[in-house]
Amino acid sequence: MPDTTPATPENQPYDLSNPQVLLAWQRNHLANERTFLAWCRTGLALFGFSFVIERFDFFIRQIQGVPMFEGMAKKHLHTEEITLSTFGVGVLVMVVATWRFWYIRRCINTGAKTFSAIPDIVFTAAVVGIILGLFTVFWHLIVQ
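Everything in this summary refers to the structure shown in the same document. Predicted model only: the values in this text are computed from it and were never measured.

Let us now look at the overall build of the chain. Counting its secondary structure elements, the chain contains three helices and zero strands. A buried classification covers 26% of the 144 residues belonging to the chain.

Spelled out as structure tokens, the structure:
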């Protein structure tokens with residue numbers, strides 16, 4: 001929700017009448033928006049990747065039925081779990097990006113000097129989880 005309170009000297013930690021301060025304040029907001037959009041692109045890429053995984057599984061199942069490839073192993077690739085987890089992480093990235101955008105925006109507007117690293121840690125943990133999940137599925141495919 002946008003901040004609709006009028007900027008007065010009492011509630012504004014910056015002197016926005018100074019052009020240099022105003023430009024720095026605007027640069028901070030624009031950098032926050034660029035970061036938000038980068039996180040959104042990452043979430044959308046994870047959505048797309050989940051669909052690619054599902055289509056690849058469909059392709060492998062179709063090719064297993066072709067007589068020319070009868071010798072091909074008829075293993076179940078367990079891509080449903082990877083697809084759903086990748087899609088879920090994409091949703092999580094979008095939610096965390098939105099929360100982080102509004103959090104940083106509030107910090108910029110109030111003049112806070114420190115920011116939380118929790119969104120970055122959550123994102124990193126999600127990516128590591130996807131990599132471990134892919135490794136586990138491929139490990140089961142090789143061992144079986």
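Structure shown, so let's carry the discussion forward.
The subject of this paragraph is empty space enclosed by the protein. Tallied over the full model, the rule gives one cavity of 30 Å³ or more. Volume-wise, the largest cavity comes out at about 30 Å³. Only α1 (19–64) and α2 (79–110) provide two or more residues apiece to the lining of the largest cavity. Residues that form the lining of the largest cavity fall into these classes: four nonpolar, two polar and one charged.

Let us now look at the packing of aromatic side chains. Using the criterion set out here, one finds five aromatic pairs in the structure. Taking 5.1 Å as the distance between ring centres and 40 degrees as the angle between the ring planes, the aromatic pair formed by F36 and F101 counts as tilted. Linking F36 in helix α1 with F101 in helix α2, this pair joins segments that are 65 residues apart in sequence. Ring plane angle 75 degrees and centroid distance 6.2 Å describe the contact between F51 and F87, whose orientation is recorded as edge-to-face. One end of the pair, F51, is in helix α1; the other, F87, is in helix α2, with 36 residues separating them in the sequence. Look at F51 and you get exposed, because its relative accessible area is 53%. By relative accessible area, which is 33% here, F87 ends up partly exposed. One aromatic cluster in this structure is built from F36, F101 and W102.

Among the nonpolar cores identified, the biggest contains eight residues, and these are W39, L46, V89, V93, V96, A97, A126 and I130. Breaking this core down by element, the ones donating at least two residues are α1, α2 and α3 (118–143). In terms of residue count, α2 provides more of this core than any other element does, four residues in total. Those residues in contact with W39 that lie beyond four places of it in its chain are V93, V96, A97, R100, P119, D120 and F123.

Cut-offs applied
Residues numbered from 1 in each chain as written. Predicted model: local features only at pLDDT ≥ 70, side-chain atom pairs only at ≥ 80, totals over all residues. Heavy atoms only, no water. Helix = DSSP H or I, 4+ residues; strand = E, 2+ residues; numbered from the N terminus. Buried < 20%, exposed > 50% of the residue type's maximum accessible area, 1.4 Å probe, protein only. 1 Å grid on protein atoms, 1.4 Å probe; cavity = no way out; pocket = protein on both sides within 12 Å on 5 of 7 lines; lining within 4 Å. Points joined across faces, edges and corners; volume = space filled by probe spheres on them. Nonpolar A, V, L, I, M, F, W, Y, C, P; charged D, E, K, R; others polar. Phe/Tyr/Trp six-rings, centres within 6.5 Å; stacked < 30°, edge-to-face > 60°. Core = buried A, V, L, I, M, F, W, Y, C linked by side-chain atoms within 4.5 Å. Contact = heavy atoms within 4.5 Å.

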